Amino acid sequence: MLDTYGLSQLQHKVKDLPVLPQAVLEVLQVLRNDNLSADRCIQLIEKDPALAARTLRLANSAFYGAPGRVARIADAVSMLGLRTVSGVLAAAALTQAFPASACAGFDFAAYWRHGLAVAMCARSLASHCDLDPEQAFLAGLMHDIGQLVLAAHFPAAGSAVQALVKSADLPRVRAEQALLGQDHCQMGALLAVHWRFPKPIVEAIAQHHAPPPAEASAPAALDLTGLVHACDAVAHALDLAGLAEEAVPEIDLSVWTRLRLDEARAMRLFASVESGVREMCAALSL
C-alpha cells in the first residue's frame, strides 16, 4: 500500500517536486490572462539559453508551419503569438523536467509520444468545441503527468504498478488505486496546482478518466476535461506510443456524442496527429 512506497504523505511533499523554470511559470500566465507583454516574454525565455534553444527548435518544426524561419525568440513570439509560444515553451520544459529513471517497465519516450498525441488532438479540436486551443494543448500534454511523478520520483511504486498492470491485465488507474490508494490523475493534479496551471487544466488532469456529466445549463457543450478524455482515447486508438500492451480506455459515450466528430473530420484529425507527433518528437529528440 501507500506506506510501502512512501507515498502516503505525497500531498505534503509538493515542495520537493520539480519546479519549472521561472520563464515557463511566468509565460504560462498568458493562459490565465493576457497581461504579459511580448517584450517581457522574450526576456524571460532568453535568460535560459537551454530553454531558448529548445523553444526555437520546436518553433521551427513543421508542426507550426515555420521550418527554418524562426531565428530568434522574438521571431517565435511575433510569428506564433504569445499563447502558442506558451505551449511550445511548456513542451520544451516538461520533456526535460523528468529525466528517465530506473522505473522498470516504464517507457519514457512512449509516454511523451502519447502525451504529444493527446495535446495535438486536443488543440486541433478545441476551436470546434469553442475552447482555447492553447489551454487544450497544455492539458493534453499534461494529462498523464502523474505517471511521471511516480516513475521519476517513486520508481519502486511505479515498477510495482507496471507489474500489476501486466500480471493482472488491469487498467493502469485501477492498478494504481489498488496498490497506492490514489492514481496518477490525483497526483498529476497536485503537481499542476504546484506549478500554478490554470484551473481548467488542473480539472482536466484530475478527471480525464472520469469526466463529470454535462451541465444542465449547457448539455451539448464539451468542456476541457471532456475534450482531453476523448482525445486520450483517440490517441490510444492510433497507437502512436508504440507500446505492445496498448489498450484503448473506456470512453464516456455522452462525451463522444458531444464531440460531434464526423468521419471526414476524424480522418483529417488522425492524419494530422500522426504527422504532428513525428515532427514534434524529432524536434524534441524523443
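Quick caveat, the model's predicted, so the values are computed rather than measured. In every chain, residue numbers begin from 1 and rise along the written sequence. Totals for whole chains, interfaces and linings use all residues, but because this is a predicted model, local features are given only for residues with pLDDT of at least 70 and pairs of side-chain atoms are given and counted only at 80 or more. As a rule here, side-chain values come from all non-hydrogen atoms in the structure, and water together with hydrogens is ignored.

On to the overall build of the protein chain. Note on conventions: DSSP H or I runs of at least 4 residues are helices, E runs of at least 2 residues are strands, and numbering of each starts at the N terminus. Summing up its helical and strand segments, the protein chain has 16 helices and zero strands in all. C-alpha atoms define the radius of gyration, and 2.2 Å times the number of residues to the power 0.38 defines the globule rule. In terms of C-alpha radius of gyration, the protein chain reaches 18 Å, essentially the compact-globule figure of 19 Å for 286 residues. Considered along the principal axes of its C-alpha atoms, the protein chain spans approximately 50 × 45 × 35 Å. When a residue's accessible area, from a 1.4 Å probe over protein chains only, is under 20% of the maximum for its type it is buried; when over 50% it is exposed; and in between it is partly exposed. Within the span of the protein chain, comprising 286 residues, buried residues form 53% of the whole. Whether two residues are in contact is decided by their heavy atoms: any pair within 4.5 Å suffices. A fraction of 70% describes how many contacts in the protein chain between residues 6 or more apart in sequence connect residues 24 or more apart. Of the roughly 12,400 Å² of accessible surface on the protein chain, a fraction of 54% belongs to carbon and sulfur atoms. We score Asp and Glu as negative and Lys and Arg as positive, and we do not count His or the chain ends. Charge positions are represented by NZ for Lys, CZ for Arg, CG for Asp and CD for Glu. Where the 22 positive side-chain charges of the protein chain centre and where its 29 negative ones centre are 6 Å apart. Only the protein chains shown count as cover for residues, and all accessible areas are computed by the Shrake-Rupley method using a 1.4 Å probe.

The next subject is the packing of helix H7 (residues 108-126) against helix H8 (residues 133-142). The description of two helices packed together rests on the angle between their axes and the distance between the axes. In the contact formed by H7 and H8, the axes pass within 7 Å of each other and the chain directions differ by 160°. Of the possible angle classes, the one that applies to H7 and H8 is roughly antiparallel. Along this stretch, H7 crosses H8, giving a crossing that reads as right-handed. Seen from H7, the contacting residues are Tyr111, Trp112, Gly115, Leu116, Val118, Ala119, Met120, Ala122, Arg123 and Ala126; seen from H8, they are Pro133, Glu134, Ala136, Phe137, Gly140 and Leu141. Tallied by class, residues from the contact of H7 with H8 come to twelve nonpolar, two polar and two charged. Axis definition: a line fitted to C-alpha atoms, limited for helices to the stretch in contact. Angles are taken between N-to-C directions and run from 0 to 180 degrees. Should an angle lie under 35 degrees it is considered roughly parallel, over 145 roughly antiparallel, and from 65 to 115 roughly perpendicular; all remaining angles are considered oblique. When the near helix sits turned anticlockwise from the far one by under a right angle, the crossing is termed left-handed; a clockwise turn instead gives a right-handed crossing. We call Asp, Glu, Lys and Arg charged. Ala, Val, Leu, Ile, Met, Phe, Trp, Tyr, Cys and Pro are nonpolar, and the rest, Gly among them, are polar.

Before going further, it helps to examine the nonpolar core. Core analysis: the biggest nonpolar cluster contains 103 residues, and Leu138, Phe197 and Leu227 have the highest contact counts within it. Element by element, the count of residues in this core is highest for H7, at twelve residues. Throughout this description, the term nonpolar core refers to a set of buried Ala, Val, Leu, Ile, Met, Phe, Trp, Tyr and Cys residues connected via side-chain atoms within 4.5 Å.

Any carboxyl oxygen of Asp or Glu within 4 Å of a side-chain nitrogen of Lys or Arg constitutes a salt bridge here. Scanning the model with the defined rule gives six salt bridges in all. Arg83 serves as the salt-bridge partner of Asp132, at 1.8 Å between the closest nitrogen and oxygen. A residue pair is termed long-range when its members are at least 10 positions apart, and Asp132 in the loop between H7 and H8 and Arg83 in helix H6 (residues 82-97) qualify at 49 residues. By relative accessible area, Arg83 is classed as partly exposed at 26%. Here Arg123 and Glu134 are joined by a salt bridge, their closest N and O atoms 3.2 Å apart. Taken together, the positions of Arg123 in helix H7 and Glu134 in helix H8 put the pair eleven residues apart, joining distant regions of the chain. Taking relative accessible area as the criterion, Glu134 reaches 7% and is therefore assigned buried.

Right, let's talk about helix H4 (residues 49-59) for a bit. If you check which residues of H4 are buried, you get Leu51, Ala52, Arg54, Thr55, Leu56, Leu58 and Ala59. Looking at the buried side of H4, the elements it contacts are helix H2 (22-27), helix H3 (38-46), helix H5 (73-80), H6 and helix H16 (263-283).

Moving on, we come to the packing of aromatic side chains. Between rings of Phe, Tyr and Trp, where Trp is taken as its six-membered ring, a pair exists when centres lie within 6.5 Å; planes separated by under 30 degrees are stacked, by over 60 edge-to-face, and by other angles tilted. A complete count under the given rule lists four aromatic pairs for this structure. Ring geometry for Phe106 versus Phe108: centroids 4.8 Å apart, planes at 75°, classification edge-to-face. Neither Phe106 nor Phe108 differs from the other in exposure class; each is buried. Residues Trp195 and Phe197 carry aromatic rings whose centres are separated by 6.0 Å and whose planes lie at 50° to one another, so their mutual orientation is tilted. Owing to a relative accessible area of 7%, Phe197 belongs among the buried residues under this scheme.

On to unusual backbone geometry, then. The residue Asp130 is not glycine, and still its phi comes out positive at about 60°. Positionally, Asp130 belongs in the loop between H7 and H8. Despite not being glycine, Arg196 shows a phi value in the positive range, around 60°. With respect to the helices and strands, the residue Arg196 is situated in the loop between helix H12 (184-194) and helix H13 (199-207). Judged by its relative accessible area of 42%, Arg196 falls in the partly exposed class.

So far we have only geometry, and geometry alone does not tell us how the molecule works.
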